[in-house]
Amino acid sequence: MTSSRIPGFYNMTVEERRALLREAFSLTEAETQNVSDADALTVGKADNMIENVIGTYQLPFGLGLNFLVNGKEYVVPMAIEEASVVASASHIAKIVREAGGFQTESKERRMIGQIQVVGCPDFQEAEQQILHQKELLMKAADDAYPSIVRRGGGVKDLDVRILNEEDASSYSKMLVMHIYVDTCDAMGANMINTMVESIAPIVEEITKGKVYLRILSNYADRSLATAKCVIPPHLLQTGTFAGEEVRDGVIHAYEFAASDPYRAVTHNKGIMNGIDPVVIATGNDWRAVEAGAHAYAARNGHYGSMTTWSKDEEGNLVGEIELPMSVGTVGGATRVHPLADFSLSIMHIESAEELAQVIVAVGLAQNLGALKALATDGIQKGHMALHSRSVAIAGGATGEMIDVIAKQLVEQQEIRVGKAEELVEQYKK
Ligand SMILES: CC(C)(COP(=O)([O-])OP(=O)([O-])OC[C@H]1O[C@@H](n2cnc3c(N)ncnc32)[C@H](O)[C@@H]1OP(=O)([O-])[O-])[C@@H](O)C(=O)NCCC(=O)NCCSC(=O)C[C@@](C)(O)CC(=O)[O-]
Ligand SMILES: NC(=O)C1=CN([C@@H]2O[C@H](COP(=O)(O)OP(=O)(O)OC[C@H]3O[C@@H](n4cnc5c(N)ncnc54)[C@H](OP(=O)(O)O)[C@@H]3O)[C@@H](O)[C@H]2O)C=CC1
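Note on numbering: residues in each chain are counted from 1, in written sequence order. Just so you know, chain letters begin at A and ligand numbers begin at 1, following the order they were written in. Given that the model is predicted, a residue must reach a pLDDT of at least 70 before its local features are reported, and side-chain atom pairs must reach 80 or more before they are shown or counted; all residues, however, enter totals for whole chains, interfaces and linings. Processing note: side-chain calculations cover all non-hydrogen atoms of the structure and skip hydrogens and water entirely.

A short note on the sheet that holds strand S10 (residues 317–324)
In plain terms, the rule: Strand pairing follows a simple DSSP-based rule, namely that at least 2 bridges must link the two strands. Going along the chain from the N terminus, every DSSP run of H or I of four or more residues is numbered as a helix, and every run of E of two or more is numbered as a strand. Angles shown run from 0 to 180 degrees and are taken between the N-to-C directions of axes, each axis being a line fitted to C-alpha atoms and, for helices, limited to the stretch in contact. Contacts between residues were defined by any pair of non-hydrogen atoms, one from each residue, lying within 4.5 Å.
Overall, antiparallel pairing links the four strands, which are arranged S3-S8-S10-S9 in an open sheet. Two strands close off the open sheet at either side, each with one partner strand: strand S3 (103–106) and strand S9 (307–311). Geometrically, the sheet is characterised by an average inter-axis angle of 15 degrees between neighbouring strands, direction not taken into account. Along the sheet, helix H13 (residues 352–375) contacts S3, strand S8 (224–231), S9 and S10; its crossing angle with S8, the most-contacted strand, is approximately 45 degrees.

This is the structure in structure tokens:
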């Protein structure tokens, strides 16, 4: 496997980076063409993906470097509009690889399908009857999607709950049945929706109630992926900040997020800065991942941090993340969008489980990138310096002018659009 450690990649031109990729990853002509082609996703293809298409909308597409996860090298494709995210992920991945890399795992991978039943004459009896007919219901759901069973997946469990049992309102009292499905390498939304819709009439017959909703749950808490890193403090030393000081600052920052939702939301936004770009680049459903991740951050009754940071007995900084990660390596847009297909191929990803684990490792890295900056120089120094090119463009700079104006903005420590407009006017004179 090619090393993901490519020093100086960011100092190359786009063409040089592509040439290096072609060489390092033995890309085929078609793959090379896709990444070089501004119109990789043709309007014709897009018109078949969604409705009322008028064009395609592009995002910058970069590579997070230096990732070592469970001993395997990964270059991580990231589609994102925000400056400094890719640099920050690569920066932390470089530190973590020196500490042995990220350790990740997934305990199980089950997606959840829900069926809502209302108006049962006897809810307790309906619950008992469903449990009694569990095998029959599971088999009926499998029969509705036999190809996933042939792949080794299918329904693995079923349970049922009564919600608002004591409530007299006929609207709020309901029975909710879950099926737990191994969807193999697919996210599985359409598979599960097919299954729950198909068994709904049987559920009505058994419960004598009326079924309304039959849909996947995006709270994928049976598809958790975890990542961990252990970093000796000397690797965290930054400028005049000693490694121990940085470590302690990161742990204080975590404790802030764990105790205060106003901070937790920003802290978690920083984590999703890493997660969303990979989810998008691989053609996965980022709304599903976002919804599940935030719900999981509130599982203890208050909204808290998606990560934990602590110190071990040797004084190392220990970072951990656990999140629902409902992504696929097949299905949805993963094999339809040419760049999603390309992203999966350069990561050499072999399963949905593996993809989920790499994604949470990137989230953990991104979190540390932000916390390390916040606990030392502050976010503006590194972030705004990289954002300066976008500010220069927003201020009217074009072509060669962009680099000149961006540099002046950084030197004058005034990285804002108004200043860029002034500098552009001066440049034109
Ligand atoms: C920006 C850095 C990395 C500079 O940090 P630095 O220490 O100046 O970096 P360096 O020059 O020492 O380089 C270290 C490595 O970083 C990478 N790197 C370095 N520069 C580049 C570049 N231009 N392009 C690509 N990669 C870059 C690269 O891998 C490099 O290794 P090398 O390959 O040179 O051996 C650092 O300041 C940083 O991580 N800052 C944080 C940035 C960040 O978090 N941005 C997100 C936007 S802010 C936000 O939305 C969320 C937030 C912050 O609110 C969340 C929260 O509050 O928790
Ligand atoms: N609430 C939500 O989040 C919802 C999301 N969605 C959308 O659903 C899409 C995801 O649904 P999903 O069911 O994953 O996608 P698909 O409907 O595309 O189904 C996956 C396909 O992949 C094929 N396949 C090939 N190899 C494998 C393998 N190894 N493991 C599993 N499947 C394999 C399956 O083929 P075969 O049939 O032959 O087995 C199946 O047809 C996303 O686009 C999402 O946005 C839709 C509704 C709701």
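So, the site of ligand 2
The condition that has to hold: Throughout this document, a residue counts as near a molecule or strand when at least one of its heavy atoms sits within 4 Å of that molecule or strand. Residues adjacent in sequence count toward polar contacts only when both atoms are side-chain atoms; beyond that, a polar contact is any pair of N or O atoms within 3.5 Å, and within protein one must be able to donate a hydrogen and the other to accept it. The accessible surface values rely on the Shrake-Rupley method and a 1.4 Å probe; as for residues, cover is taken only from the protein chains in view.
Taken together, 20 residues are adjacent to ligand 2, and Ser147, Gly188, Asn190, Asn218 and Asp285 come closest. In this structure, aspartate 285 approaches ligand 2 through a side-chain N or O atom, which is 2.7 Å from an oxygen atom. In the complex, the protein chains occlude 69% of the 940 Å² of accessible area that ligand 2 would expose alone. The element best represented in the shell around ligand 2 is helix H8 (residues 189–207), accounting for four residues.

Some details on the packing of helix H9 (residues 243–259) against H13
Heads up, the condition is: Roughly parallel covers angles under 35 degrees, roughly antiparallel covers those over 145, roughly perpendicular covers 65 to 115, and oblique covers all other angles. By the definition used in this description, the sense in which the near helix is turned from the far one sets the handedness, with an anticlockwise turn below a right angle giving left-handed and a clockwise turn giving right-handed. Residue classes follow a fixed rule: Ala, Val, Leu, Ile, Met, Phe, Trp, Tyr, Cys and Pro count as nonpolar, while Asp, Glu, Lys and Arg count as charged, and any other residue, Gly among them, counts as polar.
Where H9 meets H13, the closest approach of the two axes is 9 Å, and the angle between their N-to-C directions is 110 degrees. Between H9 and H13, the angle falls in the class roughly perpendicular. For the pair H9 and H13, the crossing hand works out as right-handed. Of the residues in H13, those in contact with Val246, Gly249, Val250 and Ala253 of H9 are Leu368, Leu371, Lys372 and Ala375. For the contact of H9 with H13, the class distribution of residues is six nonpolar, one polar and one charged.

Considerations on the packing of aromatic side chains
Quick note on the threshold: Between 30 and 60 degrees the pair is tilted, below 30 it is stacked and above 60 it is edge-to-face, where a pair is any two Phe, Tyr or Trp rings, Trp via its six-membered ring, whose centres lie within 6.5 Å. Relative accessible area decides the class of each residue, using a 1.4 Å probe on protein chains only: under 20% of the type maximum gives buried, over 50% gives exposed, and in between gives partly exposed. Both a distance and an angle decide whether a charge sits over a ring: NZ of Lys or CZ of Arg must be within 6 Å of the ring centre and within 35 degrees of the ring normal.
One pass over the full model with this rule turns up three aromatic pairs. On the numbers, 6.3 Å between centres and 65 degrees between planes, the contact of phenylalanine 61 with phenylalanine 342 is edge-to-face. In this pair, phenylalanine 61 sits in strand S1 (residues 61–69) while phenylalanine 342 sits in helix H12 (residues 338–347), placing the two residues 281 residues apart along the sequence. Residue class for phenylalanine 61 comes out partly exposed when judged on its relative accessible area of 29%. Note on tyrosine 219 and tyrosine 296: the rings are 6.5 Å apart at their centroids and 50 degrees apart in plane angle, and the pair reads as tilted. Taken together, the residues span a long stretch of sequence, with tyrosine 219 in the loop between strand S7 (210–217) and S8 and tyrosine 296 in helix H11 (residues 286–297) at a distance of 77 residues. With a relative accessible area of 7%, tyrosine 296 lands in the buried category. Cation over ring: arginine 17 sits above phenylalanine 9, and NZ or CZ is 5.8 Å from the ring centre. The ring of tyrosine 212 has lysine 210 sitting right over it, with the charged end atom 4.9 Å from the ring centre.

Some thoughts on the site of ligand 1
Taken together, 27 residues lie around ligand 1, and Arg5, Tyr10, Ser84, Arg263 and Lys269 are the ones closest in. At 2.7 Å from an oxygen atom of ligand 1 is found a side-chain nitrogen or oxygen belonging to arginine 263. Burial of ligand 1 by the protein amounts to 75% of the accessible area it has alone, namely 1100 Å². Contributions of two or more residues to the shell around ligand 1 are made by helix H4 (85–98), helix H10 (261–281), H13 and helix H14 (379–394). Residues that form the shell around ligand 1 fall into these classes: nine nonpolar, 13 polar and five charged.

Some remarks on the pairing of S1
Counting buried positions along S1 yields seven of nine residues, so the element is predominantly enclosed. In terms of strand pairing, S1 meets strand S2 (residues 72–79) through seven bridges, oriented antiparallel. Its bridge partner lying in S2, phenylalanine 67 is registered against tyrosine 74. The loop that links S1 with its antiparallel partner S2 comprises two residues; one of these, asparagine 70, has a positive phi angle of about 50 degrees.

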